[in-house]
Amino acid sequence: MKYFLTICILLFSGIVYGQLKPVAFPEDIQSQEIKARCYCSPGVKDKSRSRGLNIAYRWLGGGTYKEQNTALTPPFSSYNNLQHLEFNMKIPVLIKDEFKLLLGYKYETDIFSFDEIGADFSDTFQKLEDENLKSNSFSVILSKPLNETRYLAFRLRYSLNGDYDAFVSFQDKYAIYKVLGVFGVKPNEDLEWGFGVNFSKSFRRTSILPFFVYNKNFNSKWGIETVFPGFIFGRYNLDRANIFLFGVEYGSQSFRMGFENSSQQQIAYAYNHSEFISSVSCEHRFAPWFWGNIKAGYQVNFSSDFDAKNQFTPAFTADPTDAFFFQVGFFISPPNESFNN
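About the criteria used
Residues numbered from 1 in each chain as written. Predicted model: local features only at pLDDT ≥ 70, side-chain atom pairs only at ≥ 80, totals over all residues. Heavy atoms only, no water. Helix = DSSP H or I, 4+ residues; strand = E, 2+ residues; numbered from the N terminus. Buried < 20%, exposed > 50% of the residue type's maximum accessible area, 1.4 Å probe, protein only. Contact = heavy atoms within 4.5 Å. Areas by Shrake-Rupley, 256 points an atom, 1.4 Å probe, with all protein chains shown as cover. Phe/Tyr/Trp six-rings, centres within 6.5 Å; stacked < 30°, edge-to-face > 60°. Salt bridge = Lys/Arg side-chain N within 4 Å of Asp/Glu carboxyl O. Pairing = 2+ DSSP bridges. Polar contact = N/O pair within 3.5 Å; in protein donor to acceptor, adjacent residues only side chain to side chain. Arc of directions from axis to C-beta. Patch = residues over 30% accessible without salt bridge, like charges linked within 9 Å, V, L, I, M, F, W, Y side chains within 5 Å.

What about the overall build of the protein chain?
Part 1 of the argument: When you go through the protein chain residue by residue, the secondary structure sums to two helices and 16 strands.
Part 2 of the argument: Each of the 341 residues in the protein chain was classed as buried or not, and the buried ones make up 52%.
Part 3 of the argument: Look at the contacts in the protein chain between residues 6 or more apart in sequence, and 64% of them connect residues 24 or more apart.
Part 4 of the argument: Entry remark: accessible area of the protein chain is about 15,400 Å², with carbon and sulfur atoms responsible for 61%.

As structure tokens, this is what we get:
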């Protein structure tokens, strides 16, 4: 485990310095999105649980938007907290030994609570206060074993991210298209490795992210779960009903924003936030299919980018201060014998 801790410290130290997002880390990617995790063969024995139905609430402490490549005049805009609600589910459509097909749906919303709106870009920050940012995602997940030790997995995802008033809006300006493919090798139940590519096309830009998968059990209690550059977690299995995870992860998400400012001009932004998170979490089984999750840690925020989408919109970047967070959730996870999880 000393090697795992050394890697975490080096990653944390390098990224926190200057709080500039490393060029190797892309946009519009969340750590859980680049896992080939479903009701299928990928994954080592005793790994953290797959989630068929998941509900989670996350609370992030207050932050202040300070200068980052854009001059801002004090007092700065600041928020008391940022709340995040999430609901997602995966529905098995075809579950066979030689092929598996699932459909997925995910809903997320970010709720800002500002205590002060600064003089600079006040209309933009007021918009964050008044309107929740939403994300609706629809996925198709496929898994195909090639032989006893190798497999392919794919995921196609269509997301709609923005400040739309309705529950969901299918306007193309909110759309993000993603395709993920992974080739995995699983020589035994205690070791899995592989590599893949995640392609994303959004209202901000198009990106391609290669990633590497490495999961290993060192013994009956300790293991490691890694998808680099997304996350690296150490795992401790206390017993069959309690799994502890500790490590670091990276996340980024984009939203389309639009409003009329005080001068009656139509303002349009592509807003992106990204962060580096160190955390400790526990997954606890309450019943054979019913689990709970508690997670806490510290979030290091990179600069938030507000990219202009028309000639009337002033682009800018701001650097939210870092904060502690807490998350609680409940999820459905089938027993090991169900769907080969």
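Further notes follow.
Description of the packing of aromatic side chains
Any pair of aromatic rings gets described here by the distance separating the centres and the angle formed by the planes.
Part 1 of the argument: Evaluation of the coordinates by the stated rule reveals 30 aromatic pairs.
Part 2 of the argument: Look at Trp222 and Tyr236: their rings are 4.7 Å apart centre to centre, the planes differ by 50°, and that puts the pair in the tilted class. With a gap of 14 residues between them, Trp222 in strand 9 (residues 222-228) and Tyr236 in strand 10 (residues 231-239) connect regions that are remote in the sequence.
Part 3 of the argument: The class of Trp222 is partly exposed, set by a relative accessible area of 30%.

Quick look at the pattern of salt bridges
Part 1 of the argument: Within the structure shown, the criterion is met by 11 salt bridges.
Part 2 of the argument: With a closest N to O distance of 3.9 Å, Asp305 and Arg204 form a salt bridge. Taken together, the residues span a long stretch of sequence, with Asp305 in strand 14 (residues 304-308) and Arg204 in the loop between strand 7 (191-201) and strand 8 (206-217) at a distance of 101 residues. Each of the two residues, Asp305 as well as Arg204, counts as buried.
Part 3 of the argument: Taking the shortest distance from any N to any O, the salt bridge between Asp307 and Arg205 comes out at 4.0 Å. In this pair, Asp307 is assigned in strand 14 and Arg205 in the loop between strand 7 and strand 8, connecting sequence segments 102 residues apart.
Part 4 of the argument: With relative accessibility at 41%, the residue Arg205 sits in the partly exposed group.
Part 5 of the argument: Sharing partners across several salt bridges, the network here consists of Arg204, Arg205, Asp305 and Asp307.

Regarding the pairing of strand 13 (residues 290-301)
Part 1 of the argument: As paired elements, strand 12 (residues 266-285) and strand 13 share 11 bridges and run antiparallel to each other. Across the sheet, Phe276 pairs through a bridge with Val300, a residue of strand 13.
Part 2 of the argument: From the end of strand 12 to the start of strand 13, which pair antiparallel, there are four residues.
Part 3 of the argument: The pairing of strand 13 with strand 16 (residues 323-332) spans 10 bridges and is classified as antiparallel. Counted as the bridge partner of Ile294 is Val328 from strand 16.

Examining the side chain of Asn215
Part 1 of the argument: The residue Asn215 is located in strand 8 in this model.
Part 2 of the argument: Using a relative accessible area of 11% as the deciding quantity, one classes Asn215 as buried.
Part 3 of the argument: Within the structure, Asn215 has its side chain in polar contact with the side chain of Glu192 (distance 2.8 Å).
Part 4 of the argument: The residues contacting Asn215, other than those within four sequence positions of it, are Val44, Asp190, Leu191, Glu192, Ile224, Glu225 and Thr226.

Considerations on helix 2 (residues 122-130)
Part 1 of the argument: Burial in helix 2 covers these residues: Thr124, Phe125, Lys127 and Leu128. Take helix 2 and look down its axis: the buried residues cluster within an arc of 150°, on one side only.

Some thoughts on a nonpolar patch on the surface
Part 1 of the argument: Where nonpolar side chains cluster on the molecular surface, the patch consists of Leu156, Val179, Val197, Phe199 and Ile208 and spans about 410 Å² of accessible area.
Part 2 of the argument: Overall, Phe199 belongs to the partly exposed group, its relative accessible area being 30%.

Here's the deal with unusual backbone geometry
Part 1 of the argument: Of the consecutive residues Pro74 and Pro75, the connecting peptide bond is found in the cis state with omega at 0°.
Part 2 of the argument: In this structure, Pro75 sits in the loop between strand 1 (53-67) and strand 2 (78-95).
Part 3 of the argument: Of note, Asp46 is a non-glycine position whose phi angle comes to about 65°, a positive value.
Part 4 of the argument: Among the secondary structure elements, Asp46 is positioned in the loop between helix 1 (2-16) and strand 1.
Part 5 of the argument: Located in the positive-phi region is Phe121, a residue other than glycine, with phi close to 55°.
Part 6 of the argument: Inspection of the secondary structure assignment puts Phe121 in the loop between strand 3 (100-116) and helix 2.

Structural notes on the side chain of Asn301
Part 1 of the argument: On the secondary structure map, Asn301 appears in strand 13.
Part 2 of the argument: Among the polar contacts made by the side chain of Asn301, one reaches the main-chain carbonyl oxygen of Thr321 at a distance of 2.9 Å.

Comments concerning the environment of Pro210
Part 1 of the argument: On the secondary structure map, Pro210 appears in strand 8.
Part 2 of the argument: Sequence separation between Pro210 and Phe228 is 18 residues; the distance between their C-alpha atoms is 8.8 Å.
Part 3 of the argument: In contact with Pro210, not counting residues within four places along its chain, are Gly196, Val197, Phe228 and Pro229.

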